[in-house]
Amino acid sequence: QVQLVESGGGLVQPGGSLRLSCAVSTSAFSRYVMGWYRQTPGNQRDLVATIVSGGSTIYADSVKGRFTISRDNAKNTAYLQMDSLKPEDTAVYYCNAKLLIGFGSYWGQGTQVTVSS
């Protein structure tokens, strides 16, 4: 069973930065597309960014130019660097690992990010 452990959430002021990490327990990390999603109460879980093993990325329009997704295949870890944070970025952030080929999608437990003065 693939397990994802997230860390790095917290409280930050508007304009500040946070870095989220997602460690994945698998021997086939490079086969997974890594993604970050976020969810606020009463709303669906929305895509923030994804990255494949080769480094190609996709971002939601709302975070382009402010967030950067990356991965370290040697450490089985994905990251989300969040800069210029806004109050509307407040949400629970979830890490996802999805097999590029085949079936298999796994979620982390979520980490709270709160942007407030």
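Residues numbered from 1 in each chain as written. Predicted model: local features only at pLDDT ≥ 70, side-chain atom pairs only at ≥ 80, totals over all residues. Heavy atoms only, no water.

**A few points about the pairing of strand β11 (residues 111-115)**
Burial of the side chains of β11 is restricted to one face: Thr111, Val113 and Val115 are buried, whereas none of Gln112 and Thr114 on the reverse face is. Direction of pairing for strand β2 (residues 10-12) relative to β11: parallel, over a ladder of three bridges. By the bridge assignment, Val12 is partnered in β11 with Val115. Of the strand pairs in this sheet, strand β9 (residues 91-99) and β11 are connected by three bridges, and their pairing is antiparallel. In the sheet register, Tyr93 faces β11, and the bridge partner there is Thr111. (Buried < 20%, exposed > 50% of the residue type's maximum accessible area, 1.4 Å probe, protein only. Helix = DSSP H or I, 4+ residues; strand = E, 2+ residues; numbered from the N terminus. Pairing = 2+ DSSP bridges.)

**Considering the pattern of salt bridges**
When the charged atoms of two side chains lie near each other, side chains of opposite charge can form a pair. Evaluated as defined, the whole model comprises three salt bridges. The residue Lys64 makes a salt bridge to Asp61 at a minimum N-O spacing of 3.1 Å. Of the two residues, Lys64 and Asp61, both sit in the exposed class. Taking the shortest distance from any N to any O, the salt bridge between Arg66 and Asp89 comes out at 2.7 Å. Within this pair, whereas Arg66 is found in the loop between β6 (57-59) and β7 (67-72), its partner Asp89 is found in the loop between β8 (77-82) and β9, the two being separated by 23 residues in sequence. Accessibility classification places Arg66 together with Asp89 in one group, the buried group. Via salt bridges that share partners, Arg38, Arg66 and Asp89 belong to a single interconnected network. (Salt bridge = Lys/Arg side-chain N within 4 Å of Asp/Glu carboxyl O.)

**Looking at the packing of aromatic side chains**
In total, this model carries three aromatic pairs according to the counting rule given. Taking the centre distance of 5.0 Å and the plane angle of 65° together, the rings of Tyr37 and Trp107 count as edge-to-face. A residue pair is termed long-range when its members are at least 10 positions apart, and Tyr37 in strand β4 (residues 32-39) and Trp107 in strand β10 (residues 105-107) qualify at 70 residues. Looking at Arg19, its charged tip hangs above the ring of Tyr79, at a distance of 4.0 Å from the centre. Between the NZ or CZ atom of Arg45 and the centre of the ring of Trp107, over which it lies, the distance is 4.6 Å. (Phe/Tyr/Trp six-rings, centres within 6.5 Å; stacked < 30°, edge-to-face > 60°. Lys NZ or Arg CZ within 6 Å of the ring centre and 35° of its normal.)

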